[in-house]
Amino acid sequence: TGLHDGDLVERNALAPWLSCLDEVRVADSGTPGKVTLWYDGYEFDTAGNHMTYGAYDSNSGVVGTTAQARSGSWSAEFEAKTGLADGWSKHKSTVGYQNIVVSYYRMSSEFTGTEHFVARWFNGSTWTTLEDQTGSYGWTKKTYTLPASANNNANFYLWIYVTGSGTSAKKAYVDMVSIEGTAQ
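Described below are features of the structure shown in this document. (Residues numbered from 1 in each chain as written. Predicted model: local features only at pLDDT ≥ 70, side-chain atom pairs only at ≥ 80, totals over all residues. Heavy atoms only, no water.)

Attention now moves to the overall build of the protein. Secondary structure summary: the protein contains zero helices and 16 strands in total. Taking contacts inside the protein between residues at least 6 apart in sequence as the whole, the part at least 24 apart equals 74%. Total accessible area on the protein is roughly 8500 Å²; 48% of this is exposed by carbon and sulfur atoms. (Helix = DSSP H or I, 4+ residues; strand = E, 2+ residues; numbered from the N terminus. Contact = heavy atoms within 4.5 Å. Areas by Shrake-Rupley, 256 points an atom, 1.4 Å probe, with all protein chains shown as cover.)

Right, dumping it as structure tokens:
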């Protein structure tokens, strides 16, 4: 197709911090046939536009920040407290792919036992929790190889969100989120 890693594909000026700029991501995982179906490293271009490989389907309160980053200068910031649950979801068809793997880095130095970092995926009929983390933690990479129901699935979703029961907002951060699969 003539596209290369970092090529700009689409621009959406309505939400410059959230998916204003799509980028082609060419990745070699070392596994024959394994490709990155979707990736977000939360980086911004020189004009301050967020670059992601495909827009989000929903976003509630998640913002880009330079306060913490696992790689590069930016990450996504989530806040949790009573009545506030920041999060986003991403629909990505896995039709034509199998051996689906979800990975991301996450951290929070502020969470206690009342705040939760939750990652879930949807197979078209059921939400399955990948993790429900409480307490503080440093940058940690999480990788999940999903079951066969994630393969060849037009209704695949990834949902990352935080919840809490405190009166002051506690922050968590996410960076380098990817959905990968092997071509069938």
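Looking now at the packing of aromatic side chains. Think of a pair of aromatic rings as described by two things: how far the centres are apart, and how the planes are tilted against each other in angle. In this structure the tally under the stated criterion is eleven aromatic pairs. Here the aromatic rings of Phe 122 and Trp 127 are separated by 4.8 Å at their centres, their planes lie at 35 degrees, and the arrangement is tilted. Residue Phe 122 is classed as buried on the basis of its relative accessible area of 16%. The rings of Phe 122, Trp 127, Tyr 157, Trp 159 and Tyr 161 are connected pair by pair, giving a single aromatic cluster. Sitting above the plane of the Tyr 137 ring, Arg 106 keeps its charged end 4.2 Å from the centroid. (Phe/Tyr/Trp six-rings, centres within 6.5 Å; stacked < 30°, edge-to-face > 60°. Buried < 20%, exposed > 50% of the residue type's maximum accessible area, 1.4 Å probe, protein only. Lys NZ or Arg CZ within 6 Å of the ring centre and 35° of its normal.)

The element strand β16 (residues 170-183) is largely enclosed, with a buried count of ten among its 14 residues. Of the pairings in the sheet, the one linking strand β3 (residues 34-40) to β16 comprises six bridges and is antiparallel in character. Looking at β16, one finds that Thr 36 is bridged to Glu 180. By the bridge criterion, five bridges tie strand β8 (residues 75-81) to β16 in an arrangement that is antiparallel. Note on β16: the bridge partner recorded for Phe 78 is Ala 172. Sheet topology places strand β11 (residues 97-108) next to β16; eight bridges connect them, and they run antiparallel. Across the sheet, the residue bridging to Val 102 is Ile 179, located in β16. (Pairing = 2+ DSSP bridges.)

Attention now goes to unusual backbone geometry. One non-glycine residue, Asn 99, adopts positive backbone phi at about 50 degrees. On the secondary structure map, Asn 99 appears in strand β11. Positive phi, normally seen in glycine, also occurs at Met 176, with a value near 55 degrees. Assignment of secondary structure puts Met 176 in strand β16. Of the residues examined, Met 176 reaches a relative accessible area of 22% and is grouped as partly exposed.

Counting 28 residues, the largest nonpolar core has Trp 88, Tyr 104, Phe 117, Leu 146, Phe 156, Leu 158 and Ile 160 as the members making the most contacts within it. Within the residue set of this core, elements represented by two or more residues are β3, β8, β11, β12 (116-122), β14 (137-145), β15 (157-163) and β16. Here this core gets four residues from one element, more than from any other, and that element is β16. (Core = buried A, V, L, I, M, F, W, Y, C linked by side-chain atoms within 4.5 Å.)

In this section: the pairing of β15. Where strand β10 (residues 87-91) and β15 come together, five bridges link them in antiparallel fashion. Bridging across to β15, His 91 finds its partner in Tyr 157.

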